[in-house]
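Below are the chains, spelled out letter by letter.
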Amino acid sequence: MDILFQYLFRIEVLILILVIVILKSSIIFVPQNRAYLIERFGKYQSTREAGLNFIVPFIDRIASDRSLKEQAVDVPSQSAITKDNISLSVDGILYFRVLDPYKASYGVDDYVFAVTQLSQTTMRSELGKMELDKTFEERDVLNTNIVAAINEAAGPWGIQVLRYEIKDIVPPQTIMEAMEAQMKAERVKRAQILESEGDRQAAINVAEGQKQSIVLQAEAQKEEQILRAQGEANAIIAVAEAQAEALYKVGEAANTEQGQKAIQLDLATKAIEAKAAIARESSVVLLPDSGNDAASIVAQAMTIINTLNKG
């Protein structure tokens, strides 16, 4: 009985171990952003994604393990000829990811190698459509064209190219020397243009300053003339007003007895002065008898004044 019990115990242990082994081989844990391709009897059976998955032990097997993450592949340096027959050495970096694990496993033998070679040939083809200067100026356009061409060709492989970046474009040494000479000439040209523009702007500023100065001087002269004219007009008005005031006062004084006597005296004085002046200017003076008397002259003047007053 002891021997039988030991035999049965060993069989149970073997069965338990076999069950554990079967369970272990039937359960698989797929990591995040990865995909397992399962084959059954050598034929594709299914694609298992992240999480807990079950397979049939000893019948199913994991044929491929594909990463669904974005991958970066260094594209080796290669020579390419531009549209204007200039040989360039170009390298870059390719960014892509696997969209369809089935196509990436069964559509191509090595999708990384295939997409790298495709990027090289596409880059040579795109560079052949551009001139040397454009390759430096339009890198973004070149990268976009390469990505579009690769995606069109890599569709059956289940690969999506996200972007392509050119790292270095190295032309021959002679071309580099010619480009440096051209850049130096361009810098000298720009410096001369900037200098001439500075001189031109300075001349314009000087002319504008002189123009503004002339305008300001003319305006100042105009203001001065206006002020002088206003001053002279005010002076003339003041003199006229003073003369009018004086005449008014003389007229008021002439209406009095004392004013009449003052006028007679003033007229007599001026008559005598006039005769004296005539005598100085001429050696012979002929005067009518009636006008020799100063009193008669004064009387005549007073008659005229009285006549004016009555009118």
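To keep things clear, this report deals only with the structure shown in the data block. (Residues numbered from 1 in each chain as written. Predicted model: local features only at pLDDT ≥ 70, side-chain atom pairs only at ≥ 80, totals over all residues. Heavy atoms only, no water.)

Looking now at the packing of aromatic side chains. A full pass over the atoms with the stated rule returns four aromatic pairs. The interplanar angle of 70 degrees and the centroid separation of 5.8 Å between the aromatic rings of Tyr-44 and Tyr-106 together place this pair among those described as edge-to-face. Placement of Tyr-44 in strand E3 (residues 43-48) and of Tyr-106 in helix H2 (residues 101-106) is noted, with a sequence separation of 62 residues between them. For Tyr-44, a relative accessible area of 30% translates into the label partly exposed. Taken together, the ring pairs connect Tyr-44, Tyr-102 and Tyr-106 into an aromatic cluster. It is Arg-163 that lies over the ring of Tyr-95; its NZ or CZ is 4.3 Å from the centre. (Phe/Tyr/Trp six-rings, centres within 6.5 Å; stacked < 30°, edge-to-face > 60°. Helix = DSSP H or I, 4+ residues; strand = E, 2+ residues; numbered from the N terminus. Buried < 20%, exposed > 50% of the residue type's maximum accessible area, 1.4 Å probe, protein only. Lys NZ or Arg CZ within 6 Å of the ring centre and 35° of its normal.)

Glancing now at a nonpolar patch on the surface. Residues Phe-9, Val-13, Leu-14, Ile-17, Leu-18, Val-21, Ile-22, Phe-41, Val-56, Phe-58 and Ile-59 make up a contiguous nonpolar surface patch of roughly 1,000 Å² in combined accessible area. Take Val-13: its relative accessible area is 31%, and that puts it in the partly exposed class. (Patch = residues over 30% accessible without salt bridge, like charges linked within 9 Å, V, L, I, M, F, W, Y side chains within 5 Å. Areas by Shrake-Rupley, 256 points an atom, 1.4 Å probe, with all protein chains shown as cover. Salt bridge = Lys/Arg side-chain N within 4 Å of Asp/Glu carboxyl O.)

With that out of the way, let us pick up the environment of Thr-121. Considering the arrangement of structural elements, one finds Thr-121 in helix H3 (residues 111-127). A relative accessible area of 38% places Thr-121 in the partly exposed class. Residues Thr-121 and Gln-78, spaced 43 residues apart in sequence, show a C-alpha to C-alpha distance of 9.7 Å.

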